[in-house]
There are 2 protein chains.
Amino acid sequence: MTSFSSDVLVHPVILCGGSGTRLWPLSTSAIPKPFLPLVGEQTLFQETLARVTPDAGFATPIIVAGRQHRALIETHFAAHLAPADYSLIVEPAARGTAPAIALAAAMLDPSAMMLVCPSDHHIADLPAFHGAVSAACALAQEDRLVAFGIAPDRPETGYGYVRRGAPLAGGYEIAEFVEKPDLARAKAYLGSGEYSWNGGIFMFRAGVLLAELRRHRPQMIEQVEAALSQSVREGAATLPAAEPFSKIVGESIDHAVMENTKHAAIVPVEMGWSDIGTWAALHDALPSNGAFRSDTEGNHVSGNADLVDCRGVFALSDGPRISAIGLEDISIVVHGAEVLVTTRDGAQLVGQLPGAQQS
Amino acid sequence: MTSFSSDVLVHPVILCGGSGTRLWPLSTSAIPKPFLPLVGEQTLFQETLARVTPDAGFATPIIVAGRQHRALIETHFAAHLAPADYSLIVEPAARGTAPAIALAAAMLDPSAMMLVCPSDHHIADLPAFHGAVSAACALAQEDRLVAFGIAPDRPETGYGYVRRGAPLAGGYEIAEFVEKPDLARAKAYLGSGEYSWNGGIFMFRAGVLLAELRRHRPQMIEQVEAALSQSVREGAATLPAAEPFSKIVGESIDHAVMENTKHAAIVPVEMGWSDIGTWAALHDALPSNGAFRSDTEGNHVSGNADLVDCRGVFALSDGPRISAIGLEDISIVVHGAEVLVTTRDGAQLVGQLPGAQQS
C-alpha cells in the first residue's frame, strides 16, 4: 500500500463517460470500457477507485456518470462501496468533461482540492502516480490548474500533447496545448523531449476551477449551477436537473479551461500509463504475470487458443477455440457472436466497424 | 455439356480417402473434404461425379471409399444415384491408393479402360479435362499407364512432380517422378518447363494395371484378390474381406506402379485444376461469380463478415460476424466452436493444429 503525502484532503472525482466502441466487441454502449476487467481481474473503474482510497489518504470519491450507467455502478459496486463511501453525480446528458467536472466542483467547498481521474485508464506504477499527486497538490495549493503529463514512448497520433514552459517547483508552466498531431509532428514532439501526452488527469481547487470557468465559460457555469439548484438526491446519488444541463454546449475541460487559463501547470510523470484506447494498447499494457498467458514471442492469450508460429498476437475468447498460424502483431477477439481480427494500426478503426456502431 | 470422344467405354474410379484435416475446422474425419460444398454449391465429390457422367460418355462410376464414409455416400447421394447407377467398394482399411485402385481393377474386365480420379479436386475447365481424357485414352489403349500432368503455375513444394521424356502421340513418356521438392528445386522445375505436377489422375486398362502390380507388388495383388474372393455384396456395395486386405503394406499407386513401370506416360493438361489442399488454395480456386462475395481487392467472403482495409482476405463464417481490419492474405474460418486465423503459408500447417488432430 502506497499513499501520497500531503496535509491537504484530496477529493477524487472519477469520470465515467465514453461510448465504448474502441474495444468492441467486448465494450459496448451498455458496458463500456471502465466496467470491463481488461488488464487484470479488476475492472478499470475498480482499479481507478483502488488508487484513491481513504486508506491512501484520499477523501471519499465523487463519481460522475451518465444515467445509462447508474444502475451498473450502483449494483456492481454496492458490494464494495456503501452509500456513505462515495457520491454519485448522475449527468442528465453527456456534455463533455468540463460540465461534468464543474458539477463536482460546485458541490464541494471552494477550497476543496480535486483530483480528476478518467475511470478507464490503467496505471502500472502506483507509487509514481501518488508521487505525482503530491507534486500536483503542492502546485494546486498555489491556485494552479495542474495537468498530469504522461511521458510519451512513441509518436502517438491519437492523443493531445502539452509543451512544457518555465519550470515550477515539482512541475512546469504549460507553454502550449497541441491537438492530436500528424505522424511527422508526433515524431518531432517525441524527439524534442519537451512534450508530454495530456493524460486527462487534473488537480485544482474547486473554487479555482469554478472561477476560471466563470471567466471563460460563464454560460456553462450558470447552467451547471441551475441544474444543481434543482437537483434531486437519492441516497448517494445527486441528480442534477436535465433541462438546464441539456442546454450546455458540450466541451472538454482542456478546451474550456486549461487552454485558456493563465495558471495552467504540468507535472510530468512516468507511471506505466495507458488509456487502453485500442486492442493494441491493451496488449501493450498487459503484464507478463497477469490473467493472460504470455510467451517469449510477445503473444498474450486469454481463453481457449492455440498459437502456432505467431509473434505479437493478442487472442481473447469467451468460449470458441482460436487457432492461429503464422500471424504477427494481430489481435483476435471472439466475444458472443462477434469475431474481430485486426492489425495494430487497424485497431484504431474498431469503433467505426458496423458491429461497433450497432452495439 | 461437353463430353470426351472415344469409341472406348471409360470406367470412372472415384477415390474417397483422406483424413480431412487440412481444411479444418470445416473438414473433419467424419466429413472430409470431398463431401463439403467448397468452391460452388456442389460438394467436390458431386463435382467429380458430374465430370464423368453417362451423358458425357462414361460408364457408371466405381466409388472406392472407407467404411466410415459409406453411410455418408449412400444417404447423401441416394437422391442422385440409384444403386444401378454406381458401384461402391468399401475398403476394410486405409492402405493407400494402390490397393484401392487394384480392388476396382480386379472387379473389371481386363480390357476395361479405367479413369482414376480423386474425389476432392476442383477442375474449372471441363472441356480441357475431357480433351485430356481423350488423349490419355488413346495412349492407354496402347497399354500405357497414363498420368495427367498438371501445368504448374507456382513453385509448389507440396506436390510430386513428373518430368517429361520422349514425345508420344498426345503425350510424353515419363522420364522421372520427383517427390515433393524443396523451394529451390521447385523453382528450377517451374523455370525449366519440363515438369508437370502429378495430379493423381490416371488412365490405364484394368488388366495392364494388374499385370504391373503383379510384377512389382505380387504380395499386394494376392491380398487384394483374396479380399475380393471373400467379399460380400450389399446392394451397390462390395465389401472386400478385412483380414487379407488389412495385411497389405499401404502404398500409393505412384510408388507401387507408376515409378516402376516401363510403360508410364503423361498427358499434360491445363484445366484450372486445384486439389483445394489448403484454405489458401481454396481462396485461389474461387470464381468471382460464385457463392462467395468477392471484390477488387482479392477478398472473398461467405457468411456474415465486414472487411475494412483488407486485401487477399478469405473469410468464411457459419454464423458469427467476422470483422476484419487491415489484413493482407489472411484466411479466417469460423465454424461451430472453432475460429481459425492463418496466413497463406500457415495454411499448410492447419492439419497439425490441436483442433484438427482432435477432429
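Since the structure is predicted, the reported quantities are computational estimates derived from the model, not experimental observations. (Residues numbered from 1 in each chain as written. Chains lettered and ligands numbered in written order. Predicted model: local features only at pLDDT ≥ 70, side-chain atom pairs only at ≥ 80, totals over all residues. Heavy atoms only, no water.)

1. Concerning the pairing of strand β2 (residues 62-66) of chain B
All names here are of chain B. The criterion, for reference: Each residue gets one of three labels from its accessible area relative to the maximum for its type: buried under 20%, exposed over 50%, partly exposed in between, using a 1.4 Å probe on protein chains only. Helix numbering and strand numbering both begin at the N terminus, where a helix is a DSSP run of H or I of at least 4 residues and a strand a DSSP run of E of at least 2. Two strands are counted as paired when DSSP detects at least two bridges linking them.
Of all five residues that make up β2, five are buried, and the element is covered over most of its length. Strand direction decides the pairing type here: strand β1 (residues 10-16) and β2, joined by four bridges, are parallel. Each residue of the ladder has a partner; that of Val-13, found in β2, is Ile-62. In this structure, β2 lies alongside strand β3 (residues 87-91), joined through five bridges in parallel fashion. Of the residues in β3, the one forming a bridge with Ala-65 is Val-90.

2. Some remarks on unusual backbone geometry
Cis peptide bonds are those with omega within 30 degrees of zero, and the linkage from Trp-24 of chain A to Pro-25 of chain A qualifies with 10°. Structurally, the position occupied by Pro-25 of chain A is in the loop between β1 (10-16) and α1 (44-50). The phi torsion at Ile-276 of chain B lies on the positive side, around 45°, for a residue other than glycine. Mapped onto the elements of the fold, Ile-276 of chain B is located in the loop between β13 (273-274) and α10 (279-285). Positive phi, close to 55°, is recorded for Asp-309 of chain B, a residue that is not glycine.

3. A closer look at the packing of aromatic side chains
Residue and element names in this part refer to chain B. Note the following rule: Classification of ring pairs uses Phe, Tyr and Trp, with its six-membered ring standing for Trp, and accepts pairs whose centres are within 6.5 Å; under 30 degrees between planes counts as stacked, over 60 as edge-to-face, and the remaining range as tilted.
Under the criterion given, the structure shown has 18 aromatic pairs over all chains. Seen in terms of ring centroids, Phe-35 and Phe-45 are 5.3 Å apart; in terms of plane orientation they differ by 55°. Their pairing is tilted. Of this pair, Phe-35 sits in the loop between β1 and α1 (44-50) while Phe-45 is found in helix α1, placing the two residues ten residues apart along the sequence. Each member of the pair, Phe-35 as well as Phe-45, carries the same accessibility label: buried. Ring centres of Phe-129 and Phe-148 lie 6.2 Å apart, and the angle between their planes is 45°; this geometry places the pair in the tilted category.

4. Here's the deal with the side chain of Thr-48 of chain A
Along the polypeptide, Thr-48 of chain A turns up in helix α1. Using a relative accessible area of 1% as the deciding quantity, one classes Thr-48 of chain A as buried.

5. Focus on the relation of the copies chain A and chain B
Inclusion rule: Overlaid copies result from least-squares superposition on C-alpha atoms, with residues included only where pLDDT is at least 70 in both. Contacts are residue-level and defined by heavy atoms, with any inter-residue pair within 4.5 Å sufficient.
Overlay of chain A on chain B (RMSD 0.1 Å): rotation 180°, translation along the axis 0.0 Å. Taken together, the turn and the small shift mark the pair as related by a two-fold rotation axis. Most of the interface of chain A is mirrored in chain B: 100% of its interface residues are interface residues there too.

6. Digging into the sheet that holds strand β15 (residues 300-302) of chain A
Whether parallel or antiparallel, the strands of a sheet pair through hydrogen bonds between backbone atoms. Taken together, seven strands build an open sheet; the order of strands is β14(A)-β15(A)-β17(A)-β19(A)-β20(A)-β18(B)-β16(B) and the sheet is mixed. The open sheet has two edge strands, β14 (293-294) of chain A together with β16 (305-308) of chain B, and neither has a second partner. Note that β14 of chain A and β15 of chain A share two bridges and pair antiparallel. Across the sheet, Ser-294 of chain A pairs through a bridge with His-300 of chain A, a residue of β15 of chain A.

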